[in-house]
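Here's the letter readout for the chains.
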Amino acid sequence: MVMAWRFGAVDVDAVMTVIRDPATFAEWMIAVPPELRAAANWPQAGSVIQRDDGRAPRARHAHNRQLVVAIVETWRPDHELVVRLRSGLGGWVRISVNVQPRPGGALIEVRADPLTATARLRFTGSARGRAEERCAEVAERLIELATTPDMP
């Protein structure tokens, strides 16, 4: 498990609004493809984000496991999102984003826990530092998007 914190002069609600908007997922999450399609119930528990292969989902093929990028495990609208994210090397990583109010802004905590053996390769030895940097980058991107004037 790796973790990073970042403080931003931003309101908790602004950060949660960014997380709630599926169109911003590829902007704040690290190592995901740019073309994504979110389930209609995003970010409720069980909802998914898939790679957009350009074809409209139909009938029994509406959910293609091979295209799944992220699955929401926990959604607490006031402060937390936990997703299972497909790792670049294969396997899965649990990403937890917790937003806490602080005087003058919010503290964003991002944790990454490898769930499979292949994902653990990114959390051992010299790769551990890079995993911590990716967590910090997620928090920094959330702060940046939450403070952008054109965000809802």
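As a starting point, this report considers the structure included with it. On a predicted model such as this, the values are computed, not experimentally measured, just so you know.

1. Considerations on helix 4 (residues 127-147)
Taking 1.5 Å as the rise per residue, helix 4 with 21 residues should run 30 Å; its terminal C-alpha atoms sit 31 Å apart, in good agreement. What helix 4 keeps buried is the set Ala-131, Arg-134, Cys-135, Ala-136, Val-138, Ala-139, Leu-142, Ile-143, Leu-145 and Ala-146. The inward-facing, buried residues of helix 4 contact strand 1 (2-8), helix 1 (12-20), helix 2 (25-28), strand 6 (92-102) and strand 7 (105-114).

2. Remarks on the pairing of strand 4 (residues 68-76)
Of the strand pairs in this sheet, strand 3 (residues 48-51) and strand 4 are connected by three bridges, and their pairing is antiparallel. In the sheet register, Val-48 faces strand 4, and the bridge partner there is Ile-71. Judged from the six bridges that link them, strand 4 and strand 5 (residues 80-86) form a sheet pairing that is antiparallel. Across the sheet, residue Ala-70 finds its bridge partner in strand 5, namely Leu-85.

3. Some points on the packing of aromatic side chains
Here the structure, examined in full by the defined rule, presents two aromatic pairs. Taking 5.2 Å as the distance between ring centres and 75° as the angle between the ring planes, the aromatic pair formed by Phe-25 and Trp-28 counts as edge-to-face. Taken together, the residues span about one helical turn, with Phe-25 and Trp-28 both in helix 2 at a distance of three residues. Take Phe-25: its relative accessible area is 0%, and that puts it in the buried class. On the basis of relative accessibility, which here comes to 0%, the residue Trp-28 falls in the buried class. Plain terms: the ring middles of Phe-25 and Trp-42 are 5.5 Å apart, the flat faces sit at 75° to each other, and that makes the pair edge-to-face. Taken together, the residues Phe-25 in helix 2 and Trp-42 in the loop between strand 2 (36-38) and strand 3 connect sequence positions 17 residues apart. In textbook terms, an aromatic cluster arises when at least three aromatic residues are bridged by ring pairs, as seen for Phe-25, Trp-28 and Trp-42.

Analysis parameters
Residues numbered from 1 in each chain as written. Predicted model: local features only at pLDDT ≥ 70, side-chain atom pairs only at ≥ 80, totals over all residues. Heavy atoms only, no water. Helix = DSSP H or I, 4+ residues; strand = E, 2+ residues; numbered from the N terminus. Expected span 1.5 Å × (residues − 1). Buried < 20%, exposed > 50% of the residue type's maximum accessible area, 1.4 Å probe, protein only. Contact = heavy atoms within 4.5 Å. Pairing = 2+ DSSP bridges. Phe/Tyr/Trp six-rings, centres within 6.5 Å; stacked < 30°, edge-to-face > 60°.

So far we have only geometry, and geometry alone does not tell us how the molecule works.
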